[in-house]
Amino acid sequence: MSSLFNAHVLLPLIKRARRHGGRPFPLAQLVPADIRRILVISSTAIGDTLLSTPAIHALRRRFPQAQLMGLLHRRVVPLFRQYDELNEIIPLRRSFLHTAWSLRRARPDVAVILHGNEPEATMLAYLSGSRYIVKHPQRHFSPELLSPFPGAEAYDPLTEHSIIARLRLAGLLGADTGETTLRLPVPPGTEQRAAGLLRRHGVGAGDVCIGFQAGAATRYKMWPATSFMLLAHRLVRANPHLKIVLLGSAREASLCAEIKSGVRDYPKAIINLAGGIDLPVLPALVKCLALLVTNDTGTLHVAIAVKTPTVSLFAPTDPAGIGPIQDTERHRVIKQPPTCTPCVTKRCRTPFCMDQITVEEVWQAVLSHPVFRGTNGNTVSLS
């Protein structure tokens, strides 16, 4: 059975238990000194997990002696194996009941839901046996399943950046909410592996690599492949020392192959690594890039975390809620308005709004980065 099916089957039973005295305790009753085990739920994709890391860091500092456990999606776990802010990582499995059993054995005192699919996330928090379940109640499918706290109804987390909204949850437990830096370790040995991978694909010591993240989790957030082709052609024509590194999952390999085939005049300048990157190597590989041109997807947040400059492309989604808010001098954001009202999001198969972003404006955004102004030995001119 699917995880979502199990969650919907259990929901009526859990609500009944809540009505008969099983509701979570109000946060006003929480005694920080008694907290020994904290479950942090951020169980979706790479980008959303990275957006949770400032709140995880805040909780780690607030409760240095506590066991901090993270429920992460099984596909992102390899990226966080060296992430020392968490004492333990529990993978979100395909089986809802197997995941619930793992959490029950963890015996958390508090469950903090930073990001997760509902009703799954709240059901798992409840079944873990946690005495406190912390999440903003606005737009929640059943607010009575959460620990009440003063002012909960007056605040809407969708009105501000998701990093800040998640830090607010940590703040309810007394954590400092002032640090918004994304955190992602570069595992030992992966920098050498990334450099070796680039060398095997013809990147020399004098070359400058620009990454393209042409795919995204859903079609509606993707800039057209033809636009990436035209930008690549313009970049490599401008300077022979440039290499375009196409990043992506195995699912995006054919998209990247299409982009590479569209730049026929410079076949050696286009390196298609889609589907050939071990996830733990991704941070080190992105760190090798002079710049990343990217859709709104997880690789954008990896680049922000490892301090690689970016040009990010938005139309149906809003950078005010999920875009860069640290090291803003390193990042250029291009935003066009959505063309459909209401936006059909994941059901969209022809994202006209992303077509509004022109190759010229992305080219100009690339030119605006200091790394391409030719001012020192580590830069290269594109003019």
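Worth saying up front: this structure is predicted, and the values here are computed from it rather than measured. (Residues numbered from 1 in each chain as written. Predicted model: local features only at pLDDT ≥ 70, side-chain atom pairs only at ≥ 80, totals over all residues. Heavy atoms only, no water.)

Taken as a whole and judged by the stated rule, the model has 4 aromatic pairs. Seen from their ring centres, Phe25 and Tyr132 are 5.7 Å apart, and the 85° between their planes marks the pair as edge-to-face. With Phe25 in the loop between helix 1 (3-22) and strand 1 (37-42) and Tyr132 in strand 5 (residues 132-134), the pair connects residues that are 107 residues apart, well separated along the chain. Relative accessible area serves as the criterion here: at 4%, Tyr132 is assigned to the buried category. Ring centres 5.3 Å apart and planes at 55° place the aromatic pair Phe212 and Phe228 in the tilted group. Of this pair, Phe212 sits in strand 6 (residues 208-213) while Phe228 sits in helix 8 (residues 225-238), and the two are 16 residues apart along the sequence. Per residue, the accessibility class of Phe212 equals that of Phe228, and both read buried. (Phe/Tyr/Trp six-rings, centres within 6.5 Å; stacked < 30°, edge-to-face > 60°. Helix = DSSP H or I, 4+ residues; strand = E, 2+ residues; numbered from the N terminus. Buried < 20%, exposed > 50% of the residue type's maximum accessible area, 1.4 Å probe, protein only.)

Our next topic: empty space enclosed by the protein. In the structure shown here, the tally under the stated rule is 1 cavity of 30 Å³ or more. Empty space within the largest cavity amounts to approximately 40 Å³. Forming the walls of the largest cavity are His57, Ala58, Arg61, Asp176 and Glu179. Of the residues belonging to the lining of the largest cavity, the class tally is 1 nonpolar, 1 polar and 3 charged. (1 Å grid on protein atoms, 1.4 Å probe; cavity = no way out; pocket = protein on both sides within 12 Å on 5 of 7 lines; lining within 4 Å. Points joined across faces, edges and corners; volume = space filled by probe spheres on them. Nonpolar A, V, L, I, M, F, W, Y, C, P; charged D, E, K, R; others polar.)

Strand order in the open sheet formed by 6 strands is 8-7-6-9-10-11, with parallel pairing between adjacent strands. Sheet topology places strand 8 (270-272) and strand 11 (331-335) at the edges, where each strand pairs with a single neighbour. Each neighbouring strand pair of the sheet contributes to a mean axis angle of 15°, computed without reference to strand direction. When strand 7 (residues 242-247) meets strand 8, the two strands line up parallel, connected through 3 bridges. Each bridged residue has a counterpart across the sheet, and for Val245 the counterpart in strand 8 is Ile271. Here helix 11 (residues 298-306) sits on the sheet in contact with strand 6, strand 7, strand 9 (291-295), strand 10 (310-314) and strand 11, set at roughly 150° to strand 9. (Pairing = 2+ DSSP bridges. Axes fitted to C-alpha atoms, helices over the stretch in contact; angles between N-to-C directions. Contact = heavy atoms within 4.5 Å.)

The strands making up a sheet associate through backbone hydrogen bonding, with each pair oriented either parallel or antiparallel. Strand order in this open sheet of 5 strands is 3-2-1-4-5, and the pairing throughout is parallel. Pairing within the sheet leaves two strands with one partner each, and these edge strands are strand 3 (88-92) and strand 5. Across the sheet, the mean angle from the axis of one strand to that of its neighbour is 20°, orientation sign disregarded. Examined bridge by bridge, strand 1 and strand 4 (residues 110-115) share 5 bridges and lie parallel to one another. Bridge pairing in strand 4 places Leu39 opposite Ala111. Across the sheet, helix 4 (residues 96-106) is in contact with strand 1, strand 2 (67-73) and strand 3; its angle to strand 3 comes to roughly 160°. Of the strands in this sheet, strand 1, strand 4 and strand 5 touch helix 6 (residues 162-171), which is tilted by about 170° from strand 4.

Right, let's get into the environment of Glu179. Along the chain, the position of Glu179 falls in the loop between helix 6 and helix 7 (190-200). Sequence separation between Glu179 and Pro338 is 159 residues; the distance between their C-alpha atoms is 31 Å. Beyond its immediate sequence surroundings of up to four residues, Glu179 is in contact with Pro54, His57 and Leu167. At 2.3 Å, the side chain of Glu179 and the side chain of Thr181 are in polar contact. (Polar contact = N/O pair within 3.5 Å; in protein donor to acceptor, adjacent residues only side chain to side chain.)

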